[in-house]
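Each chain is listed here by its residues.
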Amino acid sequence: MPITLGPNRYGKAETRLVRVTRDGATHHLKDLNVSTSLSGAMEPAHLTGDNSAVLPTDTQKNTVYAFARKHGVDQIEDFALLLARHFVDSQPAIHHARVEIEEYAWSRVPVTPHSFVRDGGEVRTCVVHHDRDGRSTVVSGLTDLVLLNTTGSEFHGFVVDEYTTLAPAADRVLATAVTARWRHAGDTPSYASSYARVRRSLLEAFAGTHSLSLQQTLYAMGERALRACEEICEVRLALPNRHHFLVDLRPFGLDNDGEVYHAADRPYGLIEGAVLRDDAPDAAFAWE
């Protein structure tokens with residue numbers, strides 16, 4: 001029975017990197033989680049244990065630290081592209097590199113120019129691919145962007161069968177923790193500007209949409225981001241529905257006219273979808 005080696009890759013996951021830039025008395029902080037993954041002519045390593053083409057994962061980790069020192073860290077997309085191109089260009093056996101970065105934000109404490117407090121908000125992300133044919137893809141994103149509307153959301157007209165107990169809602173709390181990823185169509189002049197405009201579009205669409213379903217809100221968020229940012233061509237969103245249920249206070253002789261809720265963490269509805277331009281270029285390996 002013929003047996004062959006299938007798709008494979010290897011790398012160093014979650015290299016924690018903190019880069020301090022000292023501009024006189026004022027310091028700047030970057031806090032990253034970097035994962036690298038390489039693939040190519042790795043058949044000998046798998047089939048015979050010949051490691052002559054394997055760039056050790058420990059070397060990949062060291063490269064992250066060395067590049068942070070040599071090149072600094074500004075936008076995570078640029079740093080990921082720098083790493084991915086280095087691995088492919090410097091190693092003949094490596095045909096494809098994938099670099100994923102999470103960035104944890106810190107805010108400066110006003111008392112001193114070198115004190116920071118970790119932000120409790122969303123995490124910025126990116127995934128970059130580069131292959132030996134010179135093709136690159138960049139997907140930016142964010143996770144854990146927690147949003148809530150106390151009104152302006154309905155849900156009714158859904159399918160009802162013998163197992164349905166959910167009552168139609170003409171006015172409900174709508175809450176979610178957004179995971180969003182957006183694909184760049186080509187060269188992006190400023191990833192910082194692009195990120196800020198996409199994030200603002202997501203917030204504005206969530207706040208400004210009178211929602212009849214979380215699906216409708218998802219589409220509105222993706223559409224608004226695409227219209228605001230010509231440099232991106234596709235947005236993928238995952239929106240968990242963080243249910244808020246009115247608490248029955250009648251046993252205590254109290255009414256509850258939309259004021260006291262139980263925030264349930266599970267189970268939850270999970271709404272996922274993609275919104276893209278009609279002329280979006282082929283995604284190639286961007287979403288892998």
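Residues numbered from 1 in each chain as written. Predicted model: local features only at pLDDT ≥ 70, side-chain atom pairs only at ≥ 80, totals over all residues. Heavy atoms only, no water.

Asks: Which residues make up the packing of aromatic side chains, and what values go with them?
Replies: Tallying each qualifying case throughout the model produces two aromatic pairs. A centroid spacing of 5.0 Å and a plane angle of 20° characterise the contact between Phe155 and Phe158, whose relative ring orientation is stacked. Classification of Phe155 as partly exposed rests on a relative accessible area of 26%. For Phe158, a relative accessible area of 21% puts it in the partly exposed group. Look at Trp182 and Tyr195: their rings are 5.8 Å apart centre to centre, the planes differ by 40°, and that puts the pair in the tilted class. Here Tyr195 lies in helix α4 (residues 191–208) and Trp182 lies in strand β8 (residues 174–184), a separation of 13 residues in the sequence. Of the two residues examined, Trp182 and Tyr195, each falls in the buried class. Taking the ring centre of Tyr195 as reference, the NZ or CZ of Arg124 above it sits at 4.5 Å. It is Arg236 that lies over the ring of Trp287; its NZ or CZ is 4.0 Å from the centre. (Phe/Tyr/Trp six-rings, centres within 6.5 Å; stacked < 30°, edge-to-face > 60°. Buried < 20%, exposed > 50% of the residue type's maximum accessible area, 1.4 Å probe, protein only. Helix = DSSP H or I, 4+ residues; strand = E, 2+ residues; numbered from the N terminus. Lys NZ or Arg CZ within 6 Å of the ring centre and 35° of its normal.)

Asks: Talk me through the packing of α4 against helix α5 (residues 214–228); I want residue IDs and the actual numbers.
Replies: Interhelical geometry of α4 versus α5 gives an angle of 145° and a closest axis separation of 8 Å. As α4 runs across α5, the sense of the crossing is right-handed. Packed against α4, whose contacting residues are Arg197, Val198, Ser201, Leu202, Glu204, Ala205 and Phe206, the element α5 presents Thr217, Ala220, Met221, Arg224, Ala225 and Ala228 at the interface. Taken together, the residues of the contact of α4 with α5 break down into eight nonpolar, two polar and three charged. (Axes fitted to C-alpha atoms, helices over the stretch in contact; angles between N-to-C directions. Left-handed = near helix turned anticlockwise from the far one by under 90°. Contact = heavy atoms within 4.5 Å. Nonpolar A, V, L, I, M, F, W, Y, C, P; charged D, E, K, R; others polar.)

Asks: Describe helix α3 (residues 76–90), and please don't skip the residues or the numbers.
Replies: With 15 residues, α3 extends 21 Å from end C-alpha to end C-alpha; this agrees with the ideal 21 Å at 1.5 Å per step. For α3, every residue scored as buried is listed here: Ile76, Glu77, Phe79, Ala80, Leu81, Leu83, Ala84, Phe87 and Val88. (Expected span 1.5 Å × (residues − 1).)

Asks: Tell me what's going on with the pattern of salt bridges, and back it up with residues and numbers.
Replies: In the structure shown here, the tally under the stated rule is 14 salt bridges. A salt bridge links Glu77 to Arg124; its shortest N-O distance comes to 3.0 Å. Taken as a pair, Glu77 in helix α3 and Arg124 in strand β6 (residues 123–131) lie far apart in primary sequence, 47 residues in all. The class for Glu77 is buried, based on a relative accessible area of 0%. Arg250 serves as the salt-bridge partner of Asp248, at 2.9 Å between the closest nitrogen and oxygen. Using a relative accessible area of 65% as the deciding quantity, one classes Arg250 as exposed. A single salt-bridge network, built from bridges that share partners, covers Arg183, Glu234 and Arg236. (Salt bridge = Lys/Arg side-chain N within 4 Å of Asp/Glu carboxyl O.)

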